Amino acid sequence: MTHATPDAAPSPADQAAREPRPARRPIAADATPEQLISRHAADILASPGMRVEATCIQHGDTSVLAHSAAVSAWCVVIARTLRVPVDERALVRGSLLHDYFLYDWHVDDPSHRLHGFTHPGVACANAERDFGLTPTERSMVRHHMFPLTPTPPTCREGAILCLADKIVATRETLHGFSLRLHKARARRARSN
Ligand SMILES: [Fe+2]
Ligand SMILES: [Fe+2]
């Protein structure tokens, strides 16, 4: 039988689970999306995991860190535009951590083959380990790939994240295509 050590420091997951669930409110009107990200997620932005994200490409030439920050900013914009009361802190933190899988999925490796389906679970486990997740944040990360993964978001913050992620991913992918097209044209012009 195991006994909990009374003076052991609580893990990030324990701390997050003990936090009371805050009431949902309209997004603060006095701050930009970037200011809200700094307010609620300074610890995440300064973490070693975000330095890993900065070195991994998500779409086109966009890093996972830049993608995640853009998705977080879009979540704020969407919630504010729709005037939906949300758990502001969870919206910012869950969206910033939604792709916290910490590897470059473009690297040819058998474990990356099902990346689209498996990375929400990996991101969830990593984020839980490094920061702890509230139930809302956990649900956001786990279901952000819907409809590619079958379970839809179970909270409004998750639905907003799903929408923001698709908007940002589409913009980044199109930007990547036009970048490649531009480079191919420049190469052709040089060889003529
Ligand atoms: Fe994702
Ligand atoms: Fe994403």
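For the structure itself, look to the data block above.
Everything numeric in this text was worked out from a predicted model, so none of it was measured.

Asks: Run through the overall build of the protein, naming residues and quoting values.
Replies: For the protein, the count of helices and strands is eight helices and two strands. The order of α-helices and β-strands along the protein, N terminus first, is α-α-α-β-β-α-α-α-α-α. Taking the principal axes of its C-alpha atoms as reference, the protein extends roughly 75 × 45 × 35 Å. Of the contacts formed within the protein by residues at least 6 apart in sequence, a portion of 69% connects residues at least 24 apart.

Asks: So what about the packing of helix H5 (residues 88–96) against helix H7 (residues 135–142)? Which residues, and what values?
Replies: Two elements in contact, H5 and H7, have axes separated by 9 Å at closest approach and are oriented at 35°. The handedness of the crossing between H5 and H7 is right-handed. Of the residues in H7, those touching H5 at Ala90, Arg93, Gly94 and Ser95 are Thr136, Glu137, Met140 and Val141. Here the residues of the contact of H5 with H7 sort into three nonpolar, three polar and two charged.

Asks: Lay out the packing of helix H3 (residues 48–55) against helix H4 (residues 64–82) with the relevant residues and their values.
Replies: Where H3 contacts H4, the two axes come as close as 5 Å, and the packing angle between them is 110°. As the angle between them shows, H3 and H4 are arranged roughly perpendicular. Contacts between H3 and H4 pair Met50, Glu53 and Ala54 from the former with Val64, Leu65 and Ser68 from the latter. Partitioned by chemical class, the residues of the contact of H3 with H4 number four nonpolar, one polar and one charged.

Definitions and limits used
Residues numbered from 1 in each chain as written. Chains lettered and ligands numbered in written order. Predicted model: local features only at pLDDT ≥ 70, side-chain atom pairs only at ≥ 80, totals over all residues. Helix = DSSP H or I, 4+ residues; strand = E, 2+ residues; numbered from the N terminus. Contact = placed C-beta atoms within 7 Å. Axes fitted to C-alpha atoms, helices over the stretch in contact; angles between N-to-C directions. Left-handed = near helix turned anticlockwise from the far one by under 90°. Nonpolar A, V, L, I, M, F, W, Y, C, P; charged D, E, K, R; others polar. Parallel < 35°, antiparallel > 145°, perpendicular 65-115°, else oblique.

Coordinates in, geometry out; function isn't part of it.
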